[in-house]
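What follows is each chain in one-letter form.
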Amino acid sequence: MSGVAGILLRQDGRPAAAADIQQMLARMRHRARDGSSWWTDRSAALGHAWLDTTGEDGPGPLTMAGGKLAITADCRLDNRDELLARLGIRDRPVADAMLLMRAYLKWGEACPTYLQGDFAFAIWDAERRALFCVRDHFGVKPFYYHSTARRFAFASEIGPLLTLDGVGRNLSEHQISGFLAGLPDDPQSTHYAEIFRLPARHTLTVTGSQVTLRRYWQIEPSAKPLRSDAAEEFRHLFSQSVQNRMRGTPSVGAMLSGGLDSSSIACVAGLQAAAAQKPKLKTFSLVFEKGSSMDEQPFIDAVLDRYQLDGTLIAVGDYAPFAEFERILEEQEGTFLAPGLSLTRSIYRTASVKGVKVLLDGHGGDEVVSQGYGHLHELAHGGRWLDLWRELHGAAKTYGEGMLSLYFKFLAAYGPAWRVARMRAMAKRFLGKLRRRPLHAPRAAWAGLVNPELARRTDLAERFHRAGYMPANVSTSEALTHRWLLSTGLVPHAFEVLDKAAANFGIEPRYPFWDKPLVEFCLALPGAEKLHNGFGRHVLRRAMEGVLPPAVQWRRDKIDFTASLVKGMIVNHRDLLDRLLVSDSDLIAPYVNLPEVNAVYARMLRRPEQATLPDVQHIWRSASLSLWLRQVQRDGSPA
């Protein structure tokens with residue numbers, strides 16, 4: 001994963017110091033496995049930390065038009081042929097960054113609407129005295145910035161910005177409460193009050209007098225008419241997406257968990273590598289104790305036995321979720337919503353040792369293709385009770401619940417009783433407004449974790465009411481449900497977490513499911529293509545006919561890591577948790593509801609087998625926050 005950095009002195013006319021940009025690059029040296037460079041021009045300075053994953057010549061920044069344009073970019077463009085034709089370029093080996101500048105010359109600030117791929121870049125336009133910054137459609141590539149009237153600075157990580165004089169280290173209570181609640185609802189703020197992120201699908205134009213944020217794209221279904229065979233079209237788009245993400249370096253590998261998503265990628269990529277007479281595709285799999293609830297080796301073996309893949313099995317023995325955690329927090333530059341990140345890092349570490357630079361990842365298959373659960377609500381809301389009955393016959397096996405029980409839940413929610421309940425709720429809201437009492441979200445899982453005073457100061461209940469709950473008019477439509485899920489803050493948050501972890505091992509993750517044409521196609525599919533006979537992501541399963549082993553293609557289950565997390569925390573980190581949550585808990589007392597957290601912890605110690613996912617979240621997030629705040633204090637930042 002490459003890195004970008006830059007500084008623009010906006011008002012005083014002093015030249016940008018090369019020492020500052022070099023200092024920022026030094027903080028990202030782990031992203032510069034293949035070199036780094038910088039460029040300055042009076043008030044602007046650009047830097048580039050280079051990991052060569054596209055086979056292009058040399059690191060940026062690049063310039064053109066006699067130095068009037070300069071760019072630093074972490075990018076991979078997937079529609080190169082289309083861009084070359086539109087721009088009238090015959091030099092096919094032209095670098096992606098140079099294509100970006102040519103696109104800017106032709107279309108100006110509208111250029112991102114013509115791009116496909118993963119990218120974060122900044123173009124300095126000397127004639128306009130403007131810095132034009134862009135982040136890709138889904139936030140795969142990170143982009144952070146600090147802005148004052150005097151100076152604008154940006155980087156692929158937060159750390160390089162903290163090295164600059166005048167950048168404050170005050171923490172954001174807003175972000176801390178959001179972390180504890182599992183609600184990344186603000187696409188711009190970070191853990192640091194003076195550092196921000198450029199949201200996905202947005203541009204930022206910086207001049208001496210203005211900073212202008214614009215959205216250049218929004219998540220919408222494809223306007224193209226669906227073909228008669230949706231599975232065939234899906235297979236074409238998916239295969240093209242995998243091929244695009246194998247471009248560049250020959251050092252490509254793939255994660256292989258044994259699940260539907262990663263197995264589909266590994267099989268398609270393996271077939272493409274064989275067809276191109278390339279070396280066997282390297283795959284990397286976590287293997288748990290045989291016979292345990294997390295043992296997926298039979299599915300992994302089914303894929304490896306079917307194709308000529310170079311499989312590496314990584315044994316997970318005594319799982320310790322807080323192992324190397326201080327190092328992980330340093331990488332992440334704050335807390336994060338990924339309790340299993342240490343396992344993912346073990347894959348990155350092994351892949352790096354095996355010489356892999358690009359790792360294909362099935363992350364996001366659930367969200368992009370959709371499990372289609374909104375289709376059940378769609379059928380109930382439309383009064384199609386017989387169709388719902390038929391669909392629930394299959395869905396009950398997936399939900400692990402009796403068919404009649406599920407059916408009566410939908411009757412209660414969408415039958416006549418629902419209409420009465422809705423009228424009562426509307427009346428209650430109306431009376432509440434008359435009495436001038438603020439609305440609060442129903443008690444959620446976070447209510448027992450977050451300190452009530454912090455929740456009040458940061459308007460957490462209202463934020464959760466606004467962004468954490470799916471609106472009723474959305475939940476009754478599979479299409480709207482699907483789009484809502486793809487638009488949540490969890491999507492870019494996950495990409496940022498994975499980016500930082502992978503960058504420290506010289507790995508660039510690529511995500512075939514997060515392909516713009518594929519996402520738009522999936523959004524346009526009717527609910528019946530997403531959920532059929534209880535099988536979610538049904539169009540993907542049909543598309544993989546003859547590609548996936550049937551045992552993987554039609555598996556219903558997904559591994560639940562809750563029990564493993566509970567065991568790992570209690571067996572391997574009991575002393576640490578006792579200290580962080582009980583004997584030395586003053587540091588987190590302003591943020592967490594200590595009495596309830598300690599009650600959950602005591603209950604987990606007594607009956608670990610009964611621990612729920614919210615219980616695990618209470619303990620893991622409280623301990624994570626405590627360790628990070630200690631790190632912040634040690635580094636001299638105010639907590």
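Residues numbered from 1 in each chain as written. Predicted model: local features only at pLDDT ≥ 70, side-chain atom pairs only at ≥ 80, totals over all residues. Heavy atoms only, no water.

(A) Region of the structure containing a nonpolar patch on the surface. Together, Leu 386, Trp 389, Leu 404 and Phe 408 make up an exposed nonpolar region whose accessible area comes to about 430 Å². Inspection of the secondary structure assignment puts Leu 404 in helix 14 (residues 403-414). (Patch = residues over 30% accessible without salt bridge, like charges linked within 9 Å, V, L, I, M, F, W, Y side chains within 5 Å. Areas by Shrake-Rupley, 256 points an atom, 1.4 Å probe, with all protein chains shown as cover. Salt bridge = Lys/Arg side-chain N within 4 Å of Asp/Glu carboxyl O. Helix = DSSP H or I, 4+ residues; strand = E, 2+ residues; numbered from the N terminus.)

(B) Region of the structure containing the nonpolar core. In terms of nonpolar packing, the biggest core is built from 168 residues, with Leu 180, Phe 234 and Leu 625 touching the most fellow members. Tallying contributions element by element places helix 28 (residues 613-634) first for this core, with nine residues. Residue contacts for Leu 180: discarding those within four places in its chain leaves Trp 446, Leu 449, Val 450, Leu 454, Tyr 591, Val 592, Arg 621 and Leu 625. Residues Trp 39, Cys 133, Phe 152 and Phe 154 belong to the second largest nonpolar core, which totals 19 residues. (Core = buried A, V, L, I, M, F, W, Y, C linked by side-chain atoms within 4.5 Å. Buried < 20%, exposed > 50% of the residue type's maximum accessible area, 1.4 Å probe, protein only. Contact = heavy atoms within 4.5 Å.)

(C) Spotlight on the environment of Ile 314. For Ile 314, the position within the fold is in strand 15 (residues 310-315). Residues Ile 314 and Asp 459, spaced 145 residues apart in sequence, show a C-alpha to C-alpha distance of 44 Å. With residues up to four places along the chain from it excluded, the contact list for Ile 314 reads Phe 284, Ser 285, Leu 286, Val 287, Ser 346, Ile 347 and Thr 350.

(D) Expanded view of the sheet that holds strand 17 (residues 508-510). With respect to topology, five strands assemble into an open sheet ordered 15-14-13-16-17, the strand pairing being parallel. Both edges of this open sheet fall to strand 15 and strand 17, since each of them pairs with a single strand only. The average undirected angle you get between the axes of adjacent strands in this sheet is 30°. Across three bridges, strand 16 (residues 358-360) lies against strand 17 in parallel orientation. Directly across from Leu 360, in strand 17, lies its bridge partner Arg 510. (Pairing = 2+ DSSP bridges. Axes fitted to C-alpha atoms, helices over the stretch in contact; angles between N-to-C directions.)

(E) Region of the structure containing helix 10 (residues 341-353). Counted at 1.5 Å a residue, the expected span for helix 10 with its 13 residues is 18 Å, and the 18 Å between its end C-alpha atoms agrees. Taken residue by residue, helix 10 has Leu 341, Ser 342, Leu 343, Thr 344, Arg 345, Ser 346, Ile 347, Tyr 348 and Ala 351 as its buried positions. Where helix 10 terminates, the next one or two residues include Gly 355, which has phi positive at roughly 85°. (Expected span 1.5 Å × (residues − 1).)

(F) Spotlight on the side chain of Asp 136. For Asp 136, the location among the structural elements is in the loop between strand 7 (130-135) and strand 8 (144-147). A polar contact is formed between the side chain of Asp 136 and the backbone nitrogen of Lys 141, at a distance of 3.0 Å. Sequence-distant contacts of Asp 136, defined by excluding residues within four places in its chain, comprise Gly 117, Asp 118, Phe 119, Lys 141, Ala 200, Arg 201 and Tyr 216. (Polar contact = N/O pair within 3.5 Å; in protein donor to acceptor, adjacent residues only side chain to side chain.)

(G) Spatial organisation of the packing of helix 5 (residues 173-181) against helix 17 (residues 460-468). One way to put it is that helix 5 packs onto helix 17 with a least axis distance of 11 Å and a crossing angle of 60°. Taken as axis vectors, helix 5 and helix 17 run oblique relative to one another. In the packing of helix 5 onto helix 17, the handedness of the crossing is right-handed. Here His 174, Ser 177, Gly 178 and Ala 181 of helix 5 come into contact with helix 17, specifically with Leu 460, Arg 463 and Phe 464. By residue class, the composition of the contact of helix 5 with helix 17 is three nonpolar, three polar and one charged. (Parallel < 35°, antiparallel > 145°, perpendicular 65-115°, else oblique. Left-handed = near helix turned anticlockwise from the far one by under 90°. Nonpolar A, V, L, I, M, F, W, Y, C, P; charged D, E, K, R; others polar.)

(H) Quick peek at the pairing of strand 2 (residues 36-41). When strand 2 meets strand 3 (residues 44-49), the two strands line up antiparallel, connected through six bridges. Residue pairing in the sheet places Ser 37 in a bridge with His 48 of strand 3. The loop that links strand 2 with its antiparallel partner strand 3 comprises two residues; one of these, Arg 42, has a positive phi angle of about 55°.

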